[in-house]
Amino acid sequence: MKRLPITPLVAAVPLAVVAVFVVGAQWLAPDATTQDIYTGVTPPGTDGHLFGTDQLGRDIWQLSIAGAGSAVIGPIVIAIGSMMLGLLLGTLAGYIGGGLDLVLSKYADLLLALPTTLIALVVAGLVDGGYWVTVLVLLVLFSPTDIRIARGAVMAQATRPYIESARVLQLSRTRIMFRHILPNVLPIALATMLLNVAFALVAMSALSFLGFGVGPGTPDWGRQLSDGRDLIGQNWGAVVVPGLLIIITAAAINLMGDWLQERFEQRGAQR
Amino acid sequence: MNALELVDLRVTGPGGPIVSRMDLTVAPGETVALVGESGSGKSMTAKALTGLLPRGVTATGAMRLGDTEVRLDDGPSALVGLRGRRISLLLQNPFTSLSPVHRCGQQIAAALPGGGRGDTAEVLRRLAEVDLPARVARQYPFELSGGMRQRVALAASLAADPLVLIGDEPTTALDVTTQREVLNLLARIQQERSMAVLLITHDLGVARERADRILVMYAGRLMESGPGADVFSSPLHPYTSGLRDSEPPLAVRLERLPAIVGSVPRAWEIPDGCVFAPRCSRADHACTVNTPVLEGGQRRVACWKPLAAGEHAQPTAVAFTETARRDDDLVVVSNLTKRFGPDSPPALDDVHITVAAGEAVGIVGESGSGKTTLARCLIGLERADSGTITWADGETGARRAQIVFQDPTSALNPAMTIEAALAEALRAGGLDRSEVPALLDLVGLPVAYARRRPNALSGGEQQRVAIARALAPRPRLLICDEPVSSLDVSVQAQILNLMNELLDELGIALLFITHDLAVVRQVVRRVYVMHHGRVVESGVMDELISAPQHDYTRQLFASVPGR
């Protein structure tokens, strides 16, 4: 009898809810950006506004649903992009080795030495910000971890007999790297990617909070946090709702990533 | 009074029963061998008796150690205070069973009764007992050879003077010459202390040579038990007989080894009725319905249709007509030398060998002899420091030579289907993927296996795929580096038969590298014996066996257990 995996089930529930938010925002939150300055700030439980409204009279709950998209899509792009960059460069560094490995490893070390959020702030400030600029900068800054993980995993595979058999068959290096090694490294890279989504979510929210990232008026959890700070006395919901959403989503993704990583490691150990 | 008495041991894991209804006694001074292939449950038995079962695996049953009763149902806590003092365990790999960060002396001291702190004299006495010099106390395990490490592990497991020592494949990781020394040492200490030894092994030779009584285990059940001298010479159970016959003899070359069909069932595949019935040539319908129990007096057997005396004559040894080698050399290796570091001894030291076209040649040696390095140089995975490798004909690339490794599981890409792996190898030889079915047929696998991935295959089947892949580009030379060492005895015979068939059918040359003289005996006519990177002797196998010239060769033959 196989034990039911509790962790991924627990993590799947909030992730499913967030996914529904992202996809269904326009139906679930049609009035997210509707302003009503006569109403202004109202506390949670106000008629028709479960978590109250902000100073522009926008419904906090609807705003939070609408904000799920920018909170989640950017981090997913960052994580997938940095995984692909990491797999490509990590495989080259790990399998070809030599000077190329040295250059790529030093490049990764350099990026790792930089304070991520600070660099993102500077670049976003220099090129006049914007959501996708922030995404691109974070993508590059996230990639060194993926490069290192992929490189290590590739090096572990490269000495295995099945790779030596492929070499004896005189297969090309490209074929060995991408047809033989890559599929066996992919599970580890995917687990890392999930963890990166969580880190990127927090990083993106932090940048939005500081005023970088999404433009004014766009629904976004980080921005809601920053806007809601001043309202905390009048409507605690303006801070607590987006704050909790960030925490729960990041934690759920983290749990899922950890669980996957453990599973892959166990499978690796059995081989 | 018996030192160890075990009644109705059952071990259950997440996949189902691992050991069923096992009774066992070992008297003081007695050696009982528990023999079985992988998946027989023999190691789990050892773990259950020492309270070291992995999580998710539970044991039930009653055990008596001298005058102490232990209920195994109470879990591992029942053995606290007894483990080490009453019953101790010596494991296969001394490199992982010893702590790498503690000196050997500390590890023995920690196991002494009462923690033994600072009792240097006692530690030295214990080291002397296992024939180790005093300096070992200050050394770390990595500074010692495999045989010395296993002696330290033995001293540590004996430190608290147990009544019963369980040796779980204690010499399997060692070379034959070292194995003999460690087993002799163990026998001497056992006699001095009149200690009970439960020897768990897959090696029939070791069991035959060392055990007073032998228990044969298969798929979690005892099949047969009896005095060490009788079990393999006159087996009652068809499995015991099959296992015995599968083992290649050293004295003769058989045209075909009698192999047991199929492979050992995994935990979730264990059938109803007699567990061996699906592989048994004597089984009928009743065998698949009713489970036999171990019955009898001194000789006991769990079988509905046991063999009668005289039914188990040794297989007739067919003196094999061996074709003499052809004159045209396929590859000539001269003066090959290779060092892995400036300070390390040479892995290859001025090696000369030749392989003729279509000839099967063996290379025999223990670990560190350089035999694998030689293979890797030949195949191009390693570059020699000096010397030449001359290939006689114009064949290059994948069609010149291919290799089969020891561990078939890691030799196949887990992410690739069998078909994709074979198609790729065919393409490397300029051939078309339409030959995949023919290739599978050649190595005796059903064509339907093409769509499977390696983890859906048993070890023997995986090795067949690895052989098919190596043959796919139609190489002139096939190099096999310990191709059957990680396989069960019953499967090993199948693979050796397959290799002989392939050699006849394809007419390719074979370089067979192994530590096992009896195995190489069944495949090749001529061998090179390697020792410390040098070829110390070469010649026709028959002559080498009857009149070995070099001291080392003599020692090697003398160390083969149980013959």
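Thresholds, definitions, all that
Residues numbered from 1 in each chain as written. Chains lettered and ligands numbered in written order. Predicted model: local features only at pLDDT ≥ 70, side-chain atom pairs only at ≥ 80, totals over all residues. Heavy atoms only, no water. Contact = heavy atoms within 4.5 Å. Buried area = accessible area lost by both parts, 1.4 Å probe. Salt bridge = Lys/Arg side-chain N within 4 Å of Asp/Glu carboxyl O. Polar contact = N/O pair within 3.5 Å; in protein donor to acceptor, adjacent residues only side chain to side chain. 1 Å grid on protein atoms, 1.4 Å probe; cavity = no way out; pocket = protein on both sides within 12 Å on 5 of 7 lines; lining within 4 Å. Points joined across faces, edges and corners; volume = space filled by probe spheres on them. Helix = DSSP H or I, 4+ residues; strand = E, 2+ residues; numbered from the N terminus. Buried < 20%, exposed > 50% of the residue type's maximum accessible area, 1.4 Å probe, protein only. Core = buried A, V, L, I, M, F, W, Y, C linked by side-chain atoms within 4.5 Å. Domains from an automatic or database assignment. Nonpolar A, V, L, I, M, F, W, Y, C, P; charged D, E, K, R; others polar.

Comments concerning the interface of chain A and chain B
- In this assembly, 17 residues from chain A lie in contact with 24 residues from chain B.
- Together, the buried faces of chain A and chain B total about 1800 Å²; carbon and sulfur atoms form 57% of this surface.
- At the junction of chain A and chain B, the tally comes to 2 salt bridges.
- Counting the contacts that link chain A with chain B gives 8 residue pairs in polar contact (both at pLDDT 80 or more).

A few points about empty space enclosed by the protein
All names here are of chain B.
- According to the stated counting rule, one finds 6 cavities of 30 Å³ or more in the structure shown.
- Taken as a whole, the largest cavity spans an internal volume of roughly 70 Å³.
- Lining the largest cavity are His237, Pro238, Cys274, Phe276, Ala277, Cys280, Arg282, Ala283, Cys287, Cys303, Trp304 and Lys305.

Let's talk about the environment of Leu154 of chain B
All names here are of chain B.
- With respect to the helices and strands, Leu154 occurs in helix H5 (residues 146-158).
- Accessibility expressed as a relative area gives 1% for Leu154, which makes it buried.
- Separated by 148 residues in sequence, Leu154 and Ala302 place their C-alpha atoms 34 Å apart.
- When residues no more than four places from it in sequence are discounted, the contact partners of Leu154 are Leu90, Val130, Leu165, Leu185, Leu186 and Ile189.

Focus on the nonpolar core
- Ranked by size, the top nonpolar core spans 103 residues in total, and within it Tyr95 of chain A together with Ile467, Leu478, Leu510, Phe512 and Leu517 of chain B carry the most contacts.
- Among the elements that take part in this core, helix H7 (residues 173-209) of chain A stands out by supplying 11 residues, more than any other.
- Each of domain 2 (238-301) and domain 3 (329-559) of chain B gives at least three residues to this core.
- Not counting the four nearest positions on each side in its chain, Tyr95 of chain A is found in contact with Val154, Ala158, Ile163, Arg167, Arg173, Ile176, Met177 and Ile181 of chain A.
- Of all hydrophobic cores here, the second largest spans 33 residues; its members include Leu6, Val32, Met63 and Leu72 of chain B.

Some details on the domain arrangement of chain B
Residue and element names in this part refer to chain B.
- Taken domain by domain, chain B consists of domain 1 (4-211), domain 2 (238-301) and domain 3 (329-559).
- Just the C-alpha atoms count here: the centres of domain 1 and domain 3 sit 35 Å apart.
- At the junction of the two partners, domain 1 supplies 7 residues and domain 3 supplies 10 residues.
- In total, domain 1 and domain 3 occlude about 860 Å² of area from one another, counting both sides; carbon and sulfur atoms represent 42% of this.
- Of the residues contributing to the side of domain 1 that touches domain 3, the split by class is 1 nonpolar, 3 polar and 3 charged.

Let's talk about the pattern of salt bridges
Residues and elements named next belong to chain B.
- Under the defined criterion, the tally for this structure stands at 34 salt bridges over all chains.
- Taking the shortest distance from any N to any O, the salt bridge between Asp67 and Arg86 comes out at 3.6 Å. Linking Asp67 in the loop between strand S4 (58-65) and strand S5 (68-71) with Arg86 in the loop between S5 and strand S6 (87-90), this pair joins segments that are 19 residues apart in sequence.
- What makes Asp67 exposed here is its relative accessible area of 59%.
- Using a relative accessible area of 26% as the deciding quantity, one classes Arg86 as partly exposed.
- Note that Arg526 is salt-bridged to Glu359, the shortest N-O span being 2.7 Å. Of the two residues, Arg526 is situated in strand S20 (residues 526-531) and Glu359 in the loop between strand S14 (348-356) and strand S15 (360-364); the sequence distance between them amounts to 167 residues.
- By relative accessible area, which is 11% here, Arg526 ends up buried.

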